[in-house]
Amino acid sequence: MPDNMDVDQPQQEQPLFLDVLAMTNDSRNTHGLRHQDYQRYRQYCARKIHRVRKATNLLQGKKRYERKDVTAGSLAKGGRQLEILLYEAERAWAYAMELKRESTAEPRKRVHLVGRLRKAAQAAGKLENICQEVETEARTALDVQAYAALMEGYVLFEQQQWQAALDKFAAARTIYQKLAGAGSAQQETLCQSAIDAIDPNIRYCAYNLKLKGGQTMDIAELVEMRNKSEGMGLDLLAAKVEGMLAQTRQAKAAEHPITWRGRTVPSRNMKLGESIMNVQDAVAELEKASTPLAAKAGHIDTAAIEARLGLFDKVLGACWEATKIAEADVKEDEAATAKVKSSKSDANTANLQFAFGYVSCLRLSKTIERNLFLIAVTKQKLSNQESRSERKGAKLEDIVKLYDAIIQSINDAKDLVAIQTDVVLQSLLSAKLYYFKAQRVYHIARIYAAQGKLPQAIALYDRAAQHLTNGRAEADMAQRAIGGAKTGKGEKAMRLEEDVAELAQLDKEFSALDASVRGAKIQEQAKWCLEAHDKGLGVDGIVKGVDALSLEAQSVTDELPLARRLDTFVPSFNPASPNLIDFPPAFEPIPCKPLFLDIAYNGVQFPIRNIERRAQGLERLQRGEAEDEGGKKGLMGVFSGLWGRK
């Protein structure tokens, strides 16, 4: 915390917050409207109003009535009194909907219905006025404004004032549409639900106004066309909504600095801060979503997998936008410091590099998470293919390619300037790098084993074990660096607990992969020994062969047939497996037929006569020797001359 905090100044009051859509939607679904029971919901609203009045000391008395209205001056801290006006509007609206059902049989109740809706609109309008007088959050003010416009639209709709009702419904729809694109996934769903409830009313108003395309045109296009023709002012309203939301996000971005790896850097670029907030919102949405791999064995929920990949794409898109902004800041700073350098240039450059490193590491980490998710999906598909529940779609080669992408991402992260001095993070990344290299080699060995190339598979398993050993050494180095940071003096606070937990998880993964590598190696060695024994190779030869397994170049030379290594001295020769030549022989490239043969075809004399004579058992003719053609003349002799025969 900074040392120059002004503790004597009073804390600034936070703007009032009231999530109208969430509160009304939750109350309606919980207390009756899920089954269209408006009477039950109206009674709940009455009880809710009484509880809030009692909690805020605004009871109007039982024996002696004393009216206590909710005003801007009577609002206490938190502004819970606003809920009184909200639920008064909800109670009147629920009573109106209850009367609307009964008005088909008793038309007299229609007058009562309009009166209840007018009371709901008055309560909503009063709530809107109070929110304009006091300081409220931008989203709360817009939410209340849309709610008030919606209630007024209901009143005008029942009074059959179609034009005025259409204007109110269009204004509420415009606000909800803008709010849907500037909130979380839950808020977007609530706004879309409100828009779906408004659209039938807009279409009915357009039908009664006999607007062109009122029954077939899309609602958004209909509202836009009506706005252009009648000048409803929705453009100004939309611009106002966007401006208020932009100011709110910029203020939040300025209030939230970048904190990463125990270091805090102020976010001076509003666009960068706003983009980082978008990334954090997308990451929070991704973390809330459940993983689709928890399905029962033998079944893959393709729709859930696509939905999760869509969330990953949303996060990575936001990360790329933040990375571009941070990279542009770094380049501008390099150009500026090349011309003029001040005493604070180094600190400013370090802060910009830190911000760029933060968003880059976040992007790379989410890229790795996405690839790991794809690897898990591919493994599940492979297991289903083995059980014959699916016959095509996944291969081990796909997993190897994904591990290649993960290794590249880790190498890119290690090259970032901002983390070059972070010993713990560098060692942790190196340990992960060796782990994923071991995973890659392990799956390549499985591919070789599936192809029957057991010596190569065994050697690859040894290479995977070597990567695991190197990775554990890097993990131990990171553990020692964490211990030094805990006991060192002058070290900044770092997120050591997260690093320790990550190292513990990585150690478990090392152990699991080591067990898999050892088991697979023993299994392939046993297969290779059985094959060698079937070929007649003795026990000593098998042991020497296993010991000589390696990925180096000389192991390839020993496997060459004798015909291809005649210049190499062979001290011993195994008659059971001589390996003299390549059989079946491998394909070798040969020169293509020269082009001049096709050109000189008519001028070349081919030995066709000798071929025919040899087929008949006759002696072949020498060059220039004439053939006795007696008895061969005739029709066939004439035609045979066309092909060069004489």
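Calculation criteria
- Residues numbered from 1 in each chain as written.
- Predicted model: local features only at pLDDT ≥ 70, side-chain atom pairs only at ≥ 80, totals over all residues.
- Heavy atoms only, no water.
- Helix = DSSP H or I, 4+ residues; strand = E, 2+ residues; numbered from the N terminus.
- Expected span 1.5 Å × (residues − 1).
- Buried < 20%, exposed > 50% of the residue type's maximum accessible area, 1.4 Å probe, protein only.
- Contact = heavy atoms within 4.5 Å.
- Axes fitted to C-alpha atoms, helices over the stretch in contact; angles between N-to-C directions.
- Parallel < 35°, antiparallel > 145°, perpendicular 65-115°, else oblique.
- Left-handed = near helix turned anticlockwise from the far one by under 90°.
- Nonpolar A, V, L, I, M, F, W, Y, C, P; charged D, E, K, R; others polar.
- Phe/Tyr/Trp six-rings, centres within 6.5 Å; stacked < 30°, edge-to-face > 60°.
- Lys NZ or Arg CZ within 6 Å of the ring centre and 35° of its normal.
- pLDDT = per-residue confidence, 0-100.
- Salt bridge = Lys/Arg side-chain N within 4 Å of Asp/Glu carboxyl O.
- Core = buried A, V, L, I, M, F, W, Y, C linked by side-chain atoms within 4.5 Å.

1. As for helix H4 (residues 109-133)
- If you check H4, its first and last C-alpha atoms are 37 Å apart, about what 25 residues at 1.5 Å a residue would give, namely 36 Å.
- Every buried residue belonging to H4 is among Leu 113, Val 114, Leu 117, Ala 120, Ala 121, Ala 123, Ala 124, Gly 125, Leu 127, Glu 128, Ile 130 and Cys 131, and all of these are buried.
- On its buried face, H4 is in contact with helix H3 (82-102) and helix H5 (138-158).

2. Considering the environment of Asn 579
- Relative to the helices and strands, Asn 579 resides in the loop between helix H18 (553-558) and helix H19 (596-599).
- Residue classification places Asn 579 among the partly exposed residues on the basis of a relative accessible area of 31%.
- Taking the C-alpha atoms as reference, Asn 579 lies 6.3 Å from Leu 562; in sequence the two are 17 residues apart.

3. Details of the packing of H3 against H5
- Close contact between H3 and H5 brings their axes to 12 Å; oriented N to C, the two are set at 25°. Put simply, H3 runs roughly parallel to H5. Considering the relative orientation of H3 and H5, their crossing is left-handed. Here Leu 86, Ala 89, Glu 90, Trp 93 and Lys 100 of H3 lie close against H5, whose contacting residues are Tyr 147, Met 151, Tyr 154 and Glu 158.
- Residue composition of the contact of H3 with H5, by class: six nonpolar, no polar and three charged.

4. Focus on helix H10 (residues 270-288)
- End to end, H10 covers 27 Å across 19 residues, agreeing with the expected 27 Å (1.5 Å per residue, within 8%).
- Among the residues of H10, those classed as buried are Leu 272, Gly 273, Ser 275, Ile 276, Met 277, Val 279, Ala 282, Val 283 and Leu 286.

5. A closer look at unusual backbone geometry
- If you check the backbone angles, Asn 57 has positive phi at about 60° while not being a glycine.
- Of note, Asn 57 is situated in the loop between helix H2 (38-55) and H3.
- One non-glycine residue with positive phi stands out, namely Gln 160, at about 60°.
- Along the polypeptide, Gln 160 turns up in the loop between H5 and helix H6 (162-180).
- Taking the relative accessible area as the measure of exposure, Gln 160 reaches 49% and is therefore partly exposed.

6. Observations concerning the packing of aromatic side chains
- Considering all chains together, one arrives at 14 aromatic pairs under this definition.
- Relative to Phe 169, the ring of Tyr 154 has its centre 5.8 Å away and its plane inclined at 65°; by these criteria the two rings are edge-to-face. On the criterion of sequence distance, the pair formed by Tyr 154 in helix H5 and Phe 169 in helix H6 is long-range, its members being 15 residues apart. Note on accessibility: Tyr 154 and Phe 169 belong to one class, buried.
- By the ring-pair criterion, three or more aromatic residues cluster together here, those being Tyr 154, Phe 157, Trp 162, Phe 169, Tyr 204 and Tyr 207.
- Above the ring of Tyr 95, the side-chain terminus of Arg 42 is found at 4.3 Å from the ring centroid.
- Geometry around Phe 373 places Arg 308 over its ring, the cationic atom sitting 5.7 Å from the centre.

7. With respect to the confidence of the model for the protein
- On average, the protein scores 77 in pLDDT, and the residues at 70 or more come to 75%.
- Every residue in residues 1-12 is under pLDDT 50, and counting partners more than four places away or in other chains gives zero contacts.

8. A word on the pattern of salt bridges
- Applying the stated criterion across every chain, the model contains 22 salt bridges.
- The salt bridge involving Asp 199 is made with Arg 173; its shortest N-O contact spans 2.7 Å. Remark: Arg 173 occurs in helix H6 and Asp 199 occurs in helix H7 (residues 185-208); sequence separation between them is 26 residues. The burial state of Asp 199 is the same as that of Arg 173; both residues are buried.

9. Digging into the environment of Ala 148
- Here Ala 148 lies in helix H5.
- Once the C-alpha coordinates of Ala 148 and Ala 89 are considered, the two residues, 59 residues apart in sequence, prove to be 9.3 Å apart.
- In this structure, Ala 148 is in contact with Ala 124, Gly 125 and Glu 128, ignoring residues within four places of it in sequence.

10. Brief notes about the nonpolar core
- Counting residues in hydrophobic clusters, the biggest one holds 75 residues, and the most contacted among them are Trp 260, Ile 406, Ile 410, Phe 436, Tyr 461, Leu 513 and Val 517.
- Looking at this core, the elements that each hand over two or more residues are strand E1 (258-260), H10, helix H11 (302-339), helix H12 (345-386), helix H13 (396-414), helix H14 (423-450), helix H15 (454-487) and helix H16 (496-534).
- The element that contributes the greatest number of residues to this core is H14, accounting for 15 residues.
- Formed by 70 residues, the second largest nonpolar core is a distinct cluster that contains Tyr 38, Tyr 176, Ala 206 and Ile 219.

11. Re the side chain of Ser 427
- Within the fold, Ser 427 resides in helix H14.
- Sequence-distant contacts of Ser 427, defined by excluding residues within four places in its chain, comprise Glu 474, Met 477 and Ala 478.

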